[in-house]
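Here is how the chains run, residue by residue.
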Amino acid sequence: MSYENDFIRTVVGLGKEALKLLYRLNTDEITLDQFVEGLASLNASDVLAEYWAYDEGDDRVFDTARQILWLISSLQSDAYNQFELYGITAFHEDFRELRDYLLTLEKYCGIKL
Amino acid sequence: MNADIDIEQFEAMKSKIREETLKAKGPMAMALKDIRHKIAILSGKGGVGKTVVTVNLASALKKKGYEVCIFDADLHGPAVPKALGLYGRMDVASEHDHPGHHDLRFNPLMSSNGIKVVSVASMWASQDQPIMWKGAHKMRAIRQLIASVNWGKADFLLVDLPPGTGDEVQTVMRSIPKLDGMIVVTTPQGLSTMVCTRAISAARELEVPLLGLVENMSSLKCSTCGAEMYPFGKGQGEKLARLMEIPFWGKIPIELEMGECVDEGVPFVDKKPDSDFSKAIDEIVSKLIVSLGDN
């Protein structure tokens, strides 16, 4: 699987941006409002909808990429609720999960993030 | 202005107010607004046949003319699509209902007998794709998945819960608005009833009504002599129901062809409508309908 694939390249870019936002939220550099605004500007759900049925290649790679988009999109829509219910620590878990997905893509696609 | 137009205007106003109230209650209430009854299927222990019971209850309800949806809340071991012969993926679209807000909308899969199904198994292309979601993500996924589906109008939403009382079960119990209650599935095994007690206590703790308890795999009929056998013991389900003060809705026998049916993706009640299993499921459905005051 080539990193030159548009979908994978887009997802890696969005994933890295979301990871930065999670890091900055977890280290109190940005507020929850700024975090949600930042995620919204990534338009992950649009990309997910656009590439939902894309299956030209290794399913594992595309599913991992779609999981990254799903994670970003669900974080964006439920961040306030999650913060109210579980506090900031729940976002630490999201950071680790997103990092793991990106590392999996790195492994599958032979790319250096 | 005549009286008819006044009534029309009044109805339009009522529906607008209803819509606004639902919006205020959140996206899950909005998504489920046209579903009359929401029932979760619970068990403490794994392997008691919750999915088989759910799928067959859904089919039996469908046969009675009800519109039925199933939400497979087992994120790590989703099996409902396979049990209904569904292998495709759900369609998705991105909606922009107001500037800066993007929302995913899923269309459920539809089984050959007209049951709508939503499951994480129908989200990914690869059957081997592991779901590594953890705590908060699991709860978020359940809430978002329910809220993002175009459920449409239905009489029943059956939620197939994973075993135990973990994140998924608690999220369903806490988040589904106006959950009518739970059906508890156990087997006659002492171990199953013991674990089931904990799940029942969790439901009580969260003030979710317990509609009825069913004992699955209660007996096996010898195909040669017709004698009843009780490989997992006898009477424990009824005893548990009495002890926990839950209505006992019946015993579901083991059918030797069940495994084959699940693999084929055909509900047993559709394949063998005259079997003891199908009769037991029909009785449970009748009790469910009576308990909801729907008869």
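Residues numbered from 1 in each chain as written. Chains lettered and ligands numbered in written order. Predicted model: local features only at pLDDT ≥ 70, side-chain atom pairs only at ≥ 80, totals over all residues.

Asker: Which parts of the structure should I look at to understand the overall build of chain A?
Answerer: Across its full length, chain A holds five helices and zero strands. When its helices and strands are written in sequence order, chain A yields α-α-α-α-α. Here the C-alpha radius of gyration of chain A, 14 Å, is about what a compact globule of 113 residues would show, namely 13 Å. Principal axes of the C-alpha set define a box for chain A whose edges measure 40 × 25 × 20 Å. By the burial criterion, 41% of the 113 residues in chain A qualify as buried. Considering only residue pairs separated by 6 or more positions, chain A has 79% of its internal contacts joining residues 24 or more positions apart. (Helix = DSSP H or I, 4+ residues; strand = E, 2+ residues; numbered from the N terminus. Rg over C-alpha atoms; globule rule 2.2 N^0.38 Å. Buried ≥ 20, exposed ≤ 12 C-beta atoms within 10 Å, placed from the backbone. Contact = placed C-beta atoms within 7 Å.)

Asker: Honestly, the overall build of chain B in this entry has me stumped. Any pointers?
Answerer: Summing up its helical and strand segments, chain B has 11 helices and 11 strands in all. The C-alpha extent of chain B, read off along each of the three principal axes, is 75 × 50 × 40 Å. The buried share of chain B, taken over its 295 residues, is 44%.

Asker: What is the right way to look at the nonpolar core in this model?
Answerer: Most often, soluble globular proteins keep nonpolar side chains buried together rather than apart. The biggest cluster of nonpolar side chains holds 113 residues, and the ones touching the most others in it are Ile72 of chain A together with Leu158 of chain B. Not counting residues up to four positions away in its chain, the partners in contact with Ile72 of chain A are Leu14, Ala18, Leu39, Leu42 and Ala44 of chain A. (Core = buried A, V, L, I, M, F, W, Y, C linked by C-beta atoms within 7 Å.)

Asker: Before we go on, may I ask you to explain helix H8 (residues 236-243) of chain B in this structure?
Answerer: Along an α-helix, residues three or four positions apart point the same way, because every turn accommodates 3.6 residues. Residue and element names in this part refer to chain B. Taken together, the buried positions of H8 are Gln236, Gly237, Leu240 and Ala241. Seen along its axis, H8 keeps its buried residues to an arc of 135 degrees; they face one direction. Away from its buried face by more than 90 degrees, H8 exposes Arg242 and Leu243. The inward-facing, buried residues of H8 contact strand E8 (181-186), helix H7 (190-205), strand E9 (210-221) and strand E11 (248-254). One or two steps after H8, the chain reaches Glu245, where phi turns positive at roughly 55 degrees. (Arc of directions from axis to C-beta.)

Asker: Help me understand the packing of H7 of chain B against H8 of chain B, please; the structure alone is not making it clear to me.
Answerer: Helix packing for two helices is described by the angle between their axes and how far apart those axes are. Residues and elements named next belong to chain B. The interhelical angle for the contact between H7 and H8, taken along N-to-C directions, is 25 degrees, at an axis separation of 10 Å. Relative to H8, the element H7 is oriented roughly parallel. Relative to H8, H7 is oriented so that their crossing is right-handed. Contacts between H7 and H8 pair Gly190, Thr193, Cys196 and Thr197 from the former with Gln236, Gly237 and Leu240 from the latter. (Axes fitted to C-alpha atoms, helices over the stretch in contact; angles between N-to-C directions. Parallel < 35°, antiparallel > 145°, perpendicular 65-115°, else oblique. Left-handed = near helix turned anticlockwise from the far one by under 90°.)

Asker: Teacher, can you tell me more about the environment of Leu158 of chain B here?
Answerer: All names here are of chain B. With respect to the helices and strands, Leu158 occurs in strand E7 (residues 154-160). Linking Leu158 and Val55, residues 103 residues apart in sequence, is a C-alpha distance of 8.8 Å. Residues within four places of Leu158 in sequence aside, it is in contact with Ile39, Ile41, Thr54, Leu57, Ala58, Val68 and Ile70.

Asker: What am I meant to see in the environment of Asp58 of chain A here?
Answerer: Residues and elements named next belong to chain A. As for its position among the elements, Asp58 is in the loop between helix H3 (44-51) and helix H4 (59-86). Note on Asp58: 14 C-beta atoms within 10 Å, which makes it partly exposed. For the pair Asp58 and Tyr108, spaced 50 residues apart in sequence, the C-alpha separation works out to 9.2 Å.

Asker: Would you mind going over the interface of chain B and chain A with me for this structure?
Answerer: Accessible area lost when the parts come together is the quantity often used to give the size of an interface. Contacts between the two partners involve 19 residues from chain B and, on the opposite side, 24 residues from chain A. When residues of the side of chain B that touches chain A are traced back to their parent elements, those giving at least two are strand E3 (91-98), strand E4 (101-107) and helix H5 (135-147) of chain B. Examining the composition of the side of chain B that touches chain A, we find that seven residues originate from one element, H5 of chain B, more than from any other. Considering only residue class, the side of chain B that touches chain A consists of seven nonpolar, eight polar and four charged. (Nonpolar A, V, L, I, M, F, W, Y, C, P; charged D, E, K, R; others polar.)

Asker: Teacher, can you tell me more about unusual backbone geometry here?
Answerer: Located in the positive-phi region is Asn43 of chain A, a residue other than glycine, with phi close to 55 degrees. With respect to the helices and strands, the residue Asn43 of chain A is situated in the loop between helix H2 (32-42) and H3. With 20 C-beta atoms packed within 10 Å, Asn43 of chain A lands in the buried category. For Glu207 of chain B, which is not glycine, the phi torsion reads 55 degrees and is therefore positive. The residue Glu207 of chain B is located in the loop between H7 and E9 in this model.

Asker: Could you clarify how one ought to interpret the confidence of the model for chain B in this entry?
Answerer: The predicted structure's coordinates, where accompanied by low pLDDT, should not be read in detail. Of all residues in chain B, 93% attain a pLDDT of 70 or more, and the chain-wide mean is 88. Predicted as a complex, the structure gets a pTM of 0.87 and an ipTM equal to 0.81. (pLDDT = per-residue confidence, 0-100.)

Asker: How do you make sense of the pairing of strand E1 (residues 35-42) of chain B when you look at a structure like this?
Answerer: Looking down a regular strand, the side chains alternate between one sheet face and the other. Residue and element names in this part refer to chain B. Extensive coverage of E1 is indicated by the burial of six of its eight residues. By the bridge criterion, four bridges tie E1 to E8 in an arrangement that is parallel. Bridging across to E8, Ile41 finds its partner in Ile183. (Pairing = 2+ DSSP bridges.)

Asker: Quick question: what am I supposed to make of H4 of chain A here?
Answerer: Residues and elements named next belong to chain A. An ideal rise of 1.5 Å per residue puts 40 Å on 28 residues; H4 reaches only 33 Å between its terminal C-alpha atoms. Along its length, H4 reaches its greatest deviation from straightness, about 70 degrees, at Asp78. Immediately downstream of H4, the backbone of Gly87 shows phi near 75 degrees, a positive value. (Expected span 1.5 Å × (residues − 1). Bend = angle between axes of the 7 residues up to and from the residue.)

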